[in-house]
Amino acid sequence: MHVMGGGDVGGAKTHIMNMVTGLAARNEVMLLSFRAGPFADEARERGIDVRVIERHNPFRAARAMRALVDEFRPDIIHCHGGRANLMGAMVRSSRHVPVLTTVHSDYQLDYLGNPFKQHTFGMANAVALRFLDYYQPVADRMARTLIERGFDPERIVTIYNGMEFRQPEGEFDRAAYLKEHFGAEIEPGDVLCGIAARLTAVKDIATAVRGFAAALRHAPQLRLFIAGDGEDADMLRRLCAQLGVAARVTFCGWVAPVEPFFRAMDINLLSSVSETFPYSILEGVCAGCATICSDVGGMPELIDTGENGYIFPVGDHAQLAKYMVRLANDETLRRSFAEALYAKASRDFSKDKMCQRQEDNYRHLLTRFHRDKNERESIVICGAYGRGNAGDDAILKAIVQEMRALDPNRTICVMSRRPKETRLVYRTGAVYTFNVFCVLRRFRRAALYINGGGSLMQDVTSTRSLWYYCYTLRAAKRRGCKVMMYGCGIGPINRAGNRKMAARIIDVSVDRITLRDDNSREALARMQVTRPDIRVSADPTIILDPAPREVVNLALERCGIDPAGRYIGFGLRDWKGLESALPEIAAAARYAYHTHGLTPVFVPIEFPSDLIPAERVGVLLDCPWHAVRTRLPIETTIGILARMETVVGIRLHSLMFSAGQGVPVVGISYDIKVDGFLQYIGSRTCLPLRSVKADELCRLIDECVSGALDGEVRRTAGMLREREHENVRGAAQLLGMTNEKD
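Residues numbered from 1 in each chain as written. Predicted model: local features only at pLDDT ≥ 70, side-chain atom pairs only at ≥ 80, totals over all residues. Heavy atoms only, no water.

## Quick word on the overall build of the chain
- Of the regular secondary structure elements, the chain holds 29 helices and 25 strands.
- The C-alpha radius of gyration computed for the chain amounts to 29 Å, which stays within 12% of the reference 27 Å derived for 742 residues, consistent with globular compactness.
- Its C-alpha atoms give the chain principal-axis dimensions of about 85 × 65 × 45 Å.
- Looking at the chain as a whole, 58% of its 742 residues are labelled buried.
- Of the contacts formed within the chain by residues at least 6 apart in sequence, a portion of 70% connects residues at least 24 apart.
- For the chain, the exposed surface amounts to about 30900 Å²; the carbon and sulfur share of it is 48%.
- Computed over 97 positive and 88 negative side-chain charges, the separation of the two mean positions in the chain equals 8 Å. (Helix = DSSP H or I, 4+ residues; strand = E, 2+ residues; numbered from the N terminus. Rg over C-alpha atoms; globule rule 2.2 N^0.38 Å. Buried < 20%, exposed > 50% of the residue type's maximum accessible area, 1.4 Å probe, protein only. Contact = heavy atoms within 4.5 Å. Areas by Shrake-Rupley, 256 points an atom, 1.4 Å probe, with all protein chains shown as cover. Lys, Arg positive; Asp, Glu negative; His and termini not counted. Charge placed at Lys NZ, Arg CZ, Asp CG, Glu CD.)

Okay, here's the thing in structure tokens:
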């Protein structure tokens, strides 16, 4: 049962109509509207079972809706918009049917510029949302917004708008169309920019006008056509006059149908401050427009900047102007962008694809909703998470990714130092690592406890953490969880009492252990741990792929690094003995630049602490060098390391990320885990931190750059990815999802 207010317009109307008509082809669908009118009539004409409840009293409307629910007996109630959400919340309490709402826009901005509606209808919708079961934002960015506002990420599924992609056929005289409908006369060579949106504050048409005015100075052939109406119309006309561009701007009023409007345009603009996944962009794609849009909603999932369109920061009219000038002066670029974006959009954002995703979402939510409340179904993951270390963050991302692929219907809870950040980034449940009572409650509902990744079983950094991690192993086992140590490293555990305690607890509490290197297996053997099923695998981060090429290019450019350059990467960390090694590392960096033409790039794994040794080496250099000075997503960091011709690393994960991408590495070992990894992959390129010398470093750099190791490095990358599968196989066995016995 789809529920809507009935007065929906624009993208929301298109989305609902496409959705219900697409779903009705394979499912029984009822559309409930709280207003008679064109929307309900059009849906009825398309063969949809439409029911209209015209009740201004919400309690009477809810009573009538309950009667329809009892008659239709839907598997799921799907709401669209504030009125529908309110009714769904009122019905939910008395009917055992899951209620899902599609979040078409930011509900806090829906009535921007109208304080009365914001504090009445907007407030009612904000309250009603808290009483629904599941949320379906129309873009990943809206999902992030909901999580930031306290919504449970485990109750959020994303959908993207879709439409039937058909390129217009036949001849089209745009000059005649524009003159007939809008009284606008264009000249040969004019480049037309169009924006179709309500003229309201949230659409920020003023930024488009300012960007257009700035672009006109360098591309006088530009014209701007604004299709839409709203309360900002007079303000925008005055702004055009103030900027001296009124003669080049045409206000078209409300345009329907919109297809010929976009067909007349060369460039489709969007300048909103908030969107989810606007249909106006997809409509422009169908018509063959090149696209420039603000960085809102799901636009980054559709548009790859510099490859099939441009995305500019919200409100940045100067950057918008640069993109407008670039497209205005390059017809070939406009055409190539339009063709590339059409190919991607028609493949990934079609109406059929949207309906398929919607049905998948329904099945997922119904499985969760009807699960036995006493069933042990969740997975709890523990590690050194939420501390800003890219290596640990990558481990968590990889484990979550693998558990989602293994069984997307299971909930996941992460023990994290920053649970709010973890919920936002990984879309899982999260609790504070040392909130013992909350952790124990989670264990009671968990099927599997993963002590996950990294070297948690060591006492070099802290004896307290070792004791706590061992306590969680025992507590999880006592509360009925299967327990797995996942792709981990062991040691060093230096104190005899700590070794004895850890060995005893691991032996009786852990069901399966997968290890990232042979040294860790030998450590467990020395500790006489024999009862768990122990396998050697690889670090979970090996499965992570780098960010797309253009994303990495943009990240490099923001750091002042030419994406086309040749580089040697350094992954340093502050550690005892580093002081004496700094001049040797600097000498090797200078050597790489002067001998091989490789500019040093320092890539922090733990941000910002890894920038400290980078700066200390940098002041010793007499050659150009760069540092990545912003905290980047894990995939972007991996992508940057993949661009290096070789990487010199103290940080273990700088070596792992690089080796996993087939980049030759030189390790500087400060810990047994670095030696263990390099031995595991058969690398000969490792030096101890306490005795590193420039001559030896330079020799190893020569060997890496020469290409002599390329075949070996590629084989290593493939080997690591294959062995990593042992991690997920172990988890599957403990969850009863395989009959594997060997």
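That was the structure; now back to the text.
## Overview of the packing of helix 26 (residues 652–660) against helix 27 (residues 672–680)
- Packing of helix 26 against helix 27 leaves a shortest axis separation of 10 Å and a crossing angle of 15 degrees. Of the possible angle classes, the one that applies to helix 26 and helix 27 is roughly parallel. Crossing angle aside, the handedness with which helix 26 passes helix 27 is left-handed. Here helix 26 contributes L652, L655, M656 and A659 to the contact with helix 27, which in turn contributes K673, V674, F677 and L678.
- Its residues assigned to classes, the contact of helix 26 with helix 27 shows seven nonpolar, no polar and one charged. (Axes fitted to C-alpha atoms, helices over the stretch in contact; angles between N-to-C directions. Parallel < 35°, antiparallel > 145°, perpendicular 65-115°, else oblique. Left-handed = near helix turned anticlockwise from the far one by under 90°. Nonpolar A, V, L, I, M, F, W, Y, C, P; charged D, E, K, R; others polar.)

## Let's talk about empty space enclosed by the protein
- Evaluated as defined, the whole model comprises four cavities of 30 Å³ or more.
- By volume, the largest cavity amounts to about 120 Å³.
- Along the walls of the largest cavity sit 13 residues, with V665, I681, S683, E712 and V713 positioned nearest its centre.
- Top element by residues in the lining of the largest cavity is helix 29 (residues 710–734). It accounts for three residues.
- For the second largest cavity, the full set of lining residues is S455, I490, G491, D517, N519, S520, I672, K673 and G676.
- Where the lining of the second largest cavity is concerned, the elements lending two or more residues are helix 21 (518–526) and helix 27.
- Grouping the constituent residues of the lining of the second largest cavity by class yields two nonpolar, five polar and two charged. (1 Å grid on protein atoms, 1.4 Å probe; cavity = no way out; pocket = protein on both sides within 12 Å on 5 of 7 lines; lining within 4 Å. Points joined across faces, edges and corners; volume = space filled by probe spheres on them.)

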